[in-house]
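Listed below, chain by chain, are the residues.
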Amino acid sequence: MTRPWRRFRRTSSVAAAVFAVVGALAIAPQAASAAEDVPQVIVSNLAVDTTTPEAATVTFDYAPNVSAEAPTRPYSLRVYVYPSNANREEGTIDFVTISSAGSYSKAFTLAPGSYNASVGVYRIENCECGGPEPTMFTTVPFTVTAVTPTPEPTPTTPEPTPEPTTPAPQPSETTAPATPTASLSATSVPAGGGVTVTATGLASNEPVELWIHSTPIQLWTGTADGSGALTQAITIPADLPLGAHQVEVRGAASGSLWLNISVRGAELAATGVDGSVGAGLGIGAATLLLAGAAVLLLAKHRRREAA
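Parameters and conventions
- Residue numbering note: each chain is counted from 1, following its sequence as written.
- The predicted origin of the model limits local features to residues at a pLDDT of at least 70 and limits the giving and counting of side-chain atom pairs to 80 or more, whereas totals for whole chains, interfaces and linings rest on all residues.
- Only hydrogens and water are set aside when side-chain values are computed; all heavy atoms of the structure are taken into account.
- Paired strands, in this sense, are two strands between which DSSP finds at least two bridges.
- To qualify as a helix, a DSSP run of H or I must reach at least 4 residues; to qualify as a strand, a run of E must reach at least 2; elements of each kind are numbered from the N terminus.
- Axis lines are fitted to C-alpha atoms, over the contacting stretch for helices. Their N-to-C directions set the angle, which ranges from 0 to 180 degrees.
- Pairing of aromatic side chains requires ring centres within 6.5 Å, counting the rings of Phe and Tyr and the six-membered ring of Trp. Pairs whose planes differ by under 30 degrees are stacked, by over 60 edge-to-face, and all others tilted.
- Throughout this description, buried means an accessible area under 20% of the type-specific maximum (1.4 Å probe, protein chains only), exposed means over 50%, and partly exposed covers the range between.
- A ring is scored as having a charge over it whenever the NZ atom of a lysine or the CZ atom of an arginine sits within 6 Å of its centre and within 35 degrees of its normal.
- The contact definition used throughout considers only heavy atoms, calling two residues in contact when any of these lie within 4.5 Å.
- What is meant by a nonpolar core is a set of buried Ala, Val, Leu, Ile, Met, Phe, Trp, Tyr and Cys residues, joined one to another through side-chain atoms within 4.5 Å.

One key point about sheets: their strands pair by backbone hydrogen bonds, in either a parallel or an antiparallel sense. The 3 strands are arranged 1-2-5 in an open sheet whose pairing can be described as antiparallel. Of all strands in the sheet, those bounded by a partner on one side alone are strand 1 (41-49) and strand 5 (102-109). The sheet shows a mean angle of 20° between the axes of neighbouring strands, direction not considered. In the sheet, strand 2 (residues 55-64) pairs with strand 5 via 8 bridges, with the strands oriented antiparallel. Within the sheet, the bridge partner assigned to Ala56 lies in strand 5 and is Phe108.

In the structure shown here, the tally under the stated rule is 4 aromatic pairs. Residues Phe60 and Tyr104 carry aromatic rings whose centres are separated by 4.7 Å and whose planes lie at 20° to one another, so their mutual orientation is stacked. You can see Phe60 sitting in strand 2 and its partner Tyr104 sitting in strand 5, a full 44 residues away along the chain. With respect to class, Phe60 is no different from Tyr104; both count as buried. In this structure an aromatic cluster arises from ring pairing among Phe60, Tyr62 and Tyr104. The aromatic ring of Phe137 is capped on one face by Arg88, whose charged end is 3.6 Å from the ring centroid.

A few words now on the environment of Glu248. Tracing the chain through its elements places Glu248 in strand 14 (residues 243-251). On the basis of relative accessibility, which here comes to 3%, the residue Glu248 falls in the buried class. For the pair Glu248 and Ala182, spaced 66 residues apart in the sequence, the C-alpha separation amounts to 9.5 Å. The residues contacting Glu248, other than those within four sequence positions of it, are Glu209, Leu210, Trp211, His213, Ser256, Leu257 and Trp258.

Next up on the list: the nonpolar core. Among the nonpolar cores identified, the biggest contains 23 residues, and Val58, Phe60, Leu77, Tyr104, Leu110 and Phe142 are the most heavily contacted of them. Among the elements of the structure, strand 1, strand 2, strand 3 (75-83), strand 4 (92-98), strand 5, strand 6 (113-121) and strand 7 (136-144) are those that each provide at least two residues to this core. Excluding its chain neighbours within four sequence positions, the residues that come into contact with Leu77 are Val41, Val43, Phe60, Tyr62, Asp94, Phe95, Val96, Val119, Gly120, Val121 and Tyr122. Among the nonpolar cores identified, the runner-up in size contains 21 residues, and Leu184, Val189, Ile212 and Leu257 belong to it.

Written out as structure tokens, the structure reads:
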């Protein structure tokens, strides 16, 4: 009776061992598969800003997964931006390598339409297979709007410029005539004496200056009257060298008119006789007196000899 029981116990022990091995084999692949699905990088706060037309800015935070038995840093992930009706590989791919926690932000220029933004992270691999493709994705759909065209301004017809109603300006009265003339009241004056300058045909109210040459000396400055005429007395400088000179009538618009004048010696104030003439007369009178005295002495001498 004891032998069958022993066989049963032996058989039961073998069956239990078989079931334990089978159970271990069944559980081991699940544990390995779970370990391989652990991501190397944790991605959070994935968002897309589409406030700018025909553009999108993708942002998210990332950090290495400290609980994963990941390979040595740096870690890698990929950012995919692609049309919603296409595969990820058909859009734009940005490769990102990180070694510590941080944030990602990048603007993509896109045509108007519907898109997806996905971040692919790598799972743990316990094989030497040359590097895996991302197997875990975080995806956000978004829409890109078109740029609103600036409306062209409506052309307007300019108002016609009204014809001027004011009369055309008349020619200025200060226009210089073609042939102005001038003259002197005397052509010979004593030094320090006076002479009158007369001019006609000047411009109305034209500025005029009176000069004497050859050493230029300004004698007077003023204006002609409204009819272009001028009558002005001037004084010849007393220290002016005697001889021939010229009086210049200098008009601002008419130009210069030249008048010849002779300056002689100054006249005596009492007699009104020219000083140079008086000096000549004085010398002549003295000569006559001396000659008369000589005649009287000679006559007196002859009378003495006759006696």
